[in-house]
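What follows is each chain in one-letter form.
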Amino acid sequence: MADLTTKLLGFTLEHPIMPAAGPPVRNAAALLACAAGGASALVTKTISVRAAAVPAPNMADFKTYFLNTELWSELSPEQWLEEEYAKTQSAGLPMIIGLGYTAEDIAELAPKVAPFADAIELSTHYISDDPEPMQAAVRAAIEGAGVPVLVKMSPFREPQRAALAAQEAGAAGIVAVNSFGPAFGVDIANGGRPWMGGQGYGWMSGPALKPIGLRMVYDIARVVDIPIIGVGGISTGADVVEYLMVGATAVQICTAAITKGPQIFGKVARQLDRWLDKHGYASVAEIQGLTLQQGIPQMTAPPTLIPEKCVGCGLCVTSCVYDALYLVEKKIRIHAENCEKCGLCLSRCPTGALQFVN
Ligand SMILES: Cc1cc2nc3c(=O)[nH]c(=O)nc-3n(C[C@H](O)[C@H](O)[C@H](O)COP(=O)(O)O)c2cc1C
Ligand code: SF4
Ligand code: SF4
């Protein structure tokens, strides 16, 4: 069994996997279900100075991506302060309280949530590209609550400048990323009706967001000294490995907790454990930031073939647009002179029968 212990903001978490702000943490009952489902810390749904009026419909799942038009919590701050936070504390897990948005909002809310907060997560989704309002919100949160403040970044902003500005303002960590958009979904079975209510637009999350989230974490990790929590498209232990390798210290899950339920947290932690064991790593710390030590790959020769690993599925043959690959008696062969070293076959092969050459 690998050591999944994760040190974050002075806490020692059992493993690096927690929920992200969204419906799976919409109130105390949902948060307690995340705890029972194996989350190592709890992040509460973003609240602001008043309850959000959320359009309906506001969620749709397309398997490779997910759309939503949720805003912040539909519960009032009073409801959270009088009931939900105190009930959530019974889980006995570190509590990261989601707040938004302006410095004025945060100055009002931070002292009130302070008795319940081990840390605060500030959403910057609805404030401008200019780092100044975000920095003012960070300072207001630190002053008002006196706990570590995380800044959650949206994927349509320039990451390094924003992360450095957050660090400069005193942020204790970065959370990357929020959902991407605005995006749009069309219900073709119903005359082309938009899937989302409100103005018809939605924010995209789920599997399609993962490469964008990874890029943001990779970029941020190269410029800041504070920890990063990776979020976007995580539903398996292997997804967590990717985020840890590009520099995240911990991760959050939202969409997969909606579509698969709150048991996902413990399940993903067990998958992470098995992956580490199988690949000879003793702890999450051993893989953290590995990608940052890698150079950018340069393919200088056609892939090496390992015919004994080839099962003859033909996936690489179909997609080699340069007609370099072919099968003989269900074993892979190559016209090396046709190979343009595009690298596509390496990701298509399910068995590792094609290997990268430096
Ligand atoms: C329905 C829904 C509601 C969300 N609400 C919030 C929110 O209130 N505050 C916030 O910072 N992010 C919110 N998010 C963004 C998620 O926390 C997360 O950053 C994003 O969905 C990417 O992670 P995922 O692919 O695991 O869902 C929401 C996402 C979804 C799908
Ligand atoms: S690297 Fe590209 S061109 Fe070469 S064999 Fe693979 S898919 Fe074909
Ligand atoms: S994808 Fe892999 S297993 Fe399938 S034919 Fe190509 S080399 Fe063989």
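On a predicted model such as this, the values are computed, not experimentally measured, just so you know.

Peer 1: Would you mind going over the overall build of the protein chain with me for this structure?
Peer 2: Across its full length, the protein chain carries twelve helices and 20 strands. Taken over C-alpha atoms, the radius of gyration comes to 22 Å for the protein chain, in line with the 21 Å a tight globule of 358 residues would show. Dimensions of the protein chain, computed from C-alpha atoms along their principal axes, come out at roughly 70 × 55 × 40 Å. Relative to its full complement of 358 residues, the protein chain shows a buried share of 45%. Taking as baseline every contact in the protein chain between residues at least 6 positions apart, the subset at least 24 positions apart corresponds to 67%.

Peer 1: What am I meant to see in helix α4 (residues 131-145) here?
Peer 2: Each α-helix winds once per 3.6 residues, and so residues spaced three or four apart point in a common direction. Spanning 15 residues, α4 covers 21 Å between terminal C-alpha atoms, matching the ideal 21 Å at 1.5 Å per step. Of all the positions in α4, only P131, M134, A137, V138, A140, A141, G144 and A145 are classed as buried. Buried positions along α4 lie against β7 (95-99), α3 (103-113), β8 (119-123), β9 (149-153) and α5 (159-168). Trailing α4 by a residue or two, G146 shows a phi angle of about 65°, which is positive.

Peer 1: Help me understand the site of ligand 3 in this model?
Peer 2: In the neighbourhood of ligand 3, 14 residues make up the surrounding shell, with C310, C313, C316, C349 and A353 lying closest. Counting residues per element, the shell around ligand 3 draws most heavily on helix α11 (residues 315-319), at three residues. Its residues assigned to classes, the shell around ligand 3 shows ten nonpolar, three polar and one charged.

Peer 1: Can you walk me through the domain arrangement of the protein chain in this structure?
Peer 2: Note on interface size: it is often stated as the accessible area lost on association of the parts. Split into domains, the protein chain comes out as domain 1 (6-293) and domain 2 (304-355). Between the C-alpha centres of domain 1 and domain 2 the distance comes to 39 Å.

Peer 1: Please clarify how helix α1 (residues 28-36) should be interpreted in this entry.
Peer 2: Regarding α1, the residues found buried are A28, A30, L31, C34 and A35. One side of α1 carries all its buried residues, which in axial view fall inside an arc of 165°. Downstream of α1 by a residue or two, G38 has a phi angle that is positive, lying close to 105°.

Peer 1: Is there a simple way to think about the site of ligand 2 in this case?
Peer 2: Lining the immediate surroundings of ligand 2 are 14 residues, of which C320, A324, C339, C342 and C345 lie closest. Class assignment of the residues belonging to the shell around ligand 2 gives a composition of eleven nonpolar, one polar and two charged.

Peer 1: I tried to follow unusual backbone geometry on my own but got confused; where do I start?
Peer 2: Backbone phi values are negative for most residues with the exception of glycine, while trans is the configuration of most peptide bonds. Residue A56 is joined to P57 through a cis peptide bond whose omega torsion reads 5°. Looking at the element boundaries, P57 is found in the loop between β4 (42-43) and β5 (59-61). Backbone torsion omega between G181 and P182 reads 0°, so that peptide bond is classified as cis. The residue L9 is not glycine, and still its phi comes out positive at about 50°. For L9, a count of 21 C-beta atoms within 10 Å translates into the label buried. One non-glycine residue, K63, adopts positive backbone phi at about 70°. Along the chain, the position of K63 falls in the loop between β5 and β6 (66-68). Note on K63: 9 C-beta atoms within 10 Å, which makes it exposed.

Conventions we followed
- Residues numbered from 1 in each chain as written.
- Chains lettered and ligands numbered in written order.
- Predicted model: local features only at pLDDT ≥ 70, side-chain atom pairs only at ≥ 80, totals over all residues.
- Helix = DSSP H or I, 4+ residues; strand = E, 2+ residues; numbered from the N terminus.
- Rg over C-alpha atoms; globule rule 2.2 N^0.38 Å.
- Buried ≥ 20, exposed ≤ 12 C-beta atoms within 10 Å, placed from the backbone.
- Contact = placed C-beta atoms within 7 Å.
- Expected span 1.5 Å × (residues − 1).
- Near = placed C-beta within 6 Å.
- Nonpolar A, V, L, I, M, F, W, Y, C, P; charged D, E, K, R; others polar.
- Domains from an automatic or database assignment.
- Arc of directions from axis to C-beta.

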